[in-house]
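These are the residues of each chain, in order.
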Amino acid sequence: MLAVHLLIIALILWWIRFLWSRRRFYMLMLQLPGKMGLPLLGIALEHLIKKRGMTFRSEFMDKHGSTVLSWLGPVPLLVTRDPTIIKDVLVSSECINKSSHTVSAMNNCIGFGLLALREPIWSVRRKLMNPAFKTNVLLFFFPILNDETKKLVTLLDTFIGQGETDVLRDILRWSFRVSIKTTLGSDVHDDENFKNNKLMESYQSIASIVTLNTVMPFLQNNLIAKVCGIEKRRLKDADLINTTLKNIIDKRLKCNSENTSLHIPNTVINRAIKLYRDGDISYEDVASECSIMISAAFETSGLTVWHTLILLAMFPNYQDLAYEELKRVFPTREDFEVTDEDMQQLTYLDRVVNESLRLLPAIPFLPRETSEDFRLSNGILVPRGVTIGIDIFSTHRNPDVWGSGAGTFNPDNFLTENILERHPYAFIPFSKGKRNCIGWKFALMTAKLGLAKILRNFEVGTTFRYEDLEFVDNFVMELAQSPKLEFKRRG
Ligand code: HEM
């Protein structure tokens, strides 16, 4: 009996110690409105139930303020859509790391690449990889972009007269081919898994496991993952990706770089192989960096093109304005090549793409984590170990910043005079600060070139109504129902 009493007392003391060690989290909770959710699970279950209603966070913030506190498992999650707080976070050196749950989920699935690295390793790696995104390297990709988009236009041509078609998959295949070829070079052409789309499917499957593992960190436990059948899927997809990459990397390593290095541009694979040869990164890092780039690039770029087409189909008056500009720059429809100089002239298309990235940002939510205690400009002290979620989706629809028309499509939001009036952190589709998207210039170049060719060739239409779009809470933006598009040939 005495032993039982002692055990209970020990448990109570342990519990008090546990709560005491977390007192700073609870202090933060007292200063911010929000929801606790269930013990240990936090809002994980609610997230699953409300997955289809990403707007529930915006609605909560409309009621309680633009910065709120919730719990993801046992970890506090500060969520914000306030540009001033977002700036505090993105410029601070205490919030460079992604949240631990996201990092372990990514490492588990795609390896230790730039996207998931933590300080102090991240800043060193970022400097090493930056040269792969210099303008001279990006210009080298124009022929790949033109060539792949020509193939997509030829395919879309077959949909003319077919009524409304679901083209999301075809657009993702296009952006996957662009990402793979620009990241890995042309060696990938002959790979069977690339040709039969298995490689792309494996990347998509891995991305969905990363999302699951982030929202429900307990799924990262090997035993639980095995019981749920996730582990088998993860191993199969990771194996397919790694085998493909290893073949390509090994083939490259066998080439004698000394003879040809002057002619090889600093693309991601070439840069990573050089760093490996110089002893700056390991062999596994070469594969991880390539894999991370492909994962980070293809769905985001493909979705941006798809979202823009959907929005222009729903708002045809803006599509007409974009078309007028395209007709001026490319007077004939047939098989034109887009150059960098052409791109500079497409200023209305710039506005359209930005507006599409505002309403449907390819990455709707950024989870960062405080590595030290850190004070926000509103005076609130955020302790070390708190996850800070920058809600890009809600920030881009924050009525305090974008006014009463925040929810509607209007490319004029990106007229220079309107941009100058807004807080610079109110529009952050590629994040901002030191750890912004390394590929943002390439992403915009890909999306603009793809859209220029598609919209010069076709008029797109849809009967799906903008008001009926439903947004699923996911790592990349997901729509509950895919609007279908109808294609008509332009003159
Ligand atoms: C429209 C397309 C794209 C969007 C909306 C997008 C958005 C983002 C966002 C929001 C981040 C997170 C930054 C943060 O944590 O603060 C990010 C990171 C990253 N993106 Fe992109 N991205 C796009 C395309 C690309 C492309 C084309 C590439 C590569 C070719 C790329 C490579 C990366 C990498 C490697 C990171 C991690 C950077 C780091 O942690 O240092 N992204 N991107």
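Residues numbered from 1 in each chain as written. Predicted model: local features only at pLDDT ≥ 70, side-chain atom pairs only at ≥ 80, totals over all residues. Heavy atoms only, no water.

**Examining the coordination of the iron atom of the ligand**
Next, step 1: You will see that the iron atom of the ligand has only one donor from the protein, Cys 437 (SG), lying 2.3 Å away.
Next, step 2: Locating Cys 437 in the fold gives a position in the loop between helix 23 (416-421) and helix 24 (440-457). (Donors = N, O, S within 2.8 Å, 3.2 Å for Na, K, Ca; no water. Helix = DSSP H or I, 4+ residues; strand = E, 2+ residues; numbered from the N terminus.)

**Quick look at the site of the ligand**
Next, step 1: Every one of the 26 residues lining the ligand counts as a neighbour, but Trp 122, Arg 368, Ser 431, Arg 435 and Cys 437 are closest to it.
Next, step 2: Ser 431 places a polar side-chain atom, nitrogen or oxygen, 2.6 Å from an oxygen atom of the ligand.
Next, step 3: In the model, an oxygen atom of the ligand is placed 2.7 Å from a nitrogen or oxygen of the Arg 435 side chain.
Next, step 4: Within the residue set of the shell around the ligand, elements represented by two or more residues are helix 7 (121-129), helix 17 (283-314), strand 3 (365-369) and helix 24.
Next, step 5: The biggest single contributor to the shell around the ligand is helix 17, with six residues.
Next, step 6: Of the residues assigned to the shell around the ligand, the class counts are 16 nonpolar, six polar and four charged. (Near = heavy atom within 4 Å. Polar contact = N/O pair within 3.5 Å; in protein donor to acceptor, adjacent residues only side chain to side chain. Nonpolar A, V, L, I, M, F, W, Y, C, P; charged D, E, K, R; others polar.)

**Some words on the pairing of strand 1 (residues 67-72)**
Next, step 1: Of all six residues in strand 1, six are buried; the element is thus mostly enclosed.
Next, step 2: Direction of pairing for strand 1 relative to strand 2 (residues 75-80): antiparallel, over a ladder of six bridges. Its bridge partner lying in strand 2, Val 68 is registered against Val 79. (Buried < 20%, exposed > 50% of the residue type's maximum accessible area, 1.4 Å probe, protein only. Pairing = 2+ DSSP bridges.)

**Some details on a positive patch on the surface**
Next, step 1: On the surface, a cluster of positive charge is made up of Lys 198, Lys 232, Arg 233 and Lys 236.
Next, step 2: The greatest single-element share of the positive patch, amounting to three residues, is contributed by helix 14 (residues 230-254).
Next, step 3: With respect to the element layout, Lys 198 can be found in helix 12 (residues 198-215). (Patch = residues over 30% accessible without salt bridge, like charges linked within 9 Å, V, L, I, M, F, W, Y side chains within 5 Å. Areas by Shrake-Rupley, 256 points an atom, 1.4 Å probe, with all protein chains shown as cover. Salt bridge = Lys/Arg side-chain N within 4 Å of Asp/Glu carboxyl O. Lys, Arg positive; Asp, Glu negative; His and termini not counted. Charge placed at Lys NZ, Arg CZ, Asp CG, Glu CD.)

**Some thoughts on the pattern of salt bridges**
Next, step 1: Enumeration according to the criterion identifies 20 salt bridges in this entry.
Next, step 2: With a shortest N-O distance of 2.6 Å, Lys 274 and Asp 278 are connected by a salt bridge.
Next, step 3: For Lys 274, a relative accessible area of 40% puts it in the partly exposed group.
Next, step 4: Residues participating in the shared-partner salt-bridge network are Asp 147, Glu 148, Lys 151, Arg 177 and Lys 181.

**Some points on helix 20 (residues 347-359)**
Next, step 1: In a regular helix each residue adds 1.5 Å, so 13 residues correspond to 18 Å; helix 20 covers 19 Å between its end C-alpha atoms and thus fits that length.
Next, step 2: Most of helix 20 is tucked away, with ten of its 13 residues classed as buried.
Next, step 3: Among all positions of helix 20, only Tyr 348, Leu 349, Arg 351, Val 352, Val 353, Glu 355, Ser 356, Leu 357, Arg 358 and Leu 359 are buried. (Expected span 1.5 Å × (residues − 1).)

**A look at the side chain of Arg 234**
Next, step 1: You can see Arg 234 is positioned in helix 14.
Next, step 2: Among the polar contacts made by the side chain of Arg 234, one reaches the side chain of Glu 231 at a distance of 3.0 Å.
Next, step 3: Those residues within four positions of Arg 234 in sequence are excluded, and the remaining contacts are Asn 108, Cys 109, Ile 206 and Ile 209. (Contact = heavy atoms within 4.5 Å.)

**Quick notes on the nonpolar core**
Next, step 1: Counting residues in each nonpolar core, the largest one holds 118 residues, and the members touching the most others are Phe 176, Leu 184, Leu 309 and Phe 487.
Next, step 2: Counting residues per element, this core draws most heavily on helix 17, at 16 residues.
Next, step 3: For Phe 487, the residues in contact, after removing those within four places along its chain, are Leu 156, Phe 159, Ile 160, Gly 161, Val 167, Ile 454, Phe 458, Glu 459 and Val 460.
Next, step 4: In terms of nonpolar packing, the next biggest core, distinct from the first, is built from 22 residues, Ile 86, Val 89, Leu 376 and Val 382 among them. (Core = buried A, V, L, I, M, F, W, Y, C linked by side-chain atoms within 4.5 Å.)

**A short note on the packing of aromatic side chains**
Next, step 1: Taken as a whole and assessed by the stated rule, the structure comprises 16 aromatic pairs.
Next, step 2: Both rings, one in Phe 315 and one in Tyr 466, keep their centres 5.3 Å apart while their planes meet at 70°; by these two values the pair is edge-to-face. In this pair, Phe 315 is assigned in the loop between helix 17 and helix 18 (316-329) and Tyr 466 in the loop between strand 7 (458-461) and strand 8 (471-472), connecting sequence segments 151 residues apart. Both residues of the pair, Phe 315 and Tyr 466, count as buried. (Phe/Tyr/Trp six-rings, centres within 6.5 Å; stacked < 30°, edge-to-face > 60°.)

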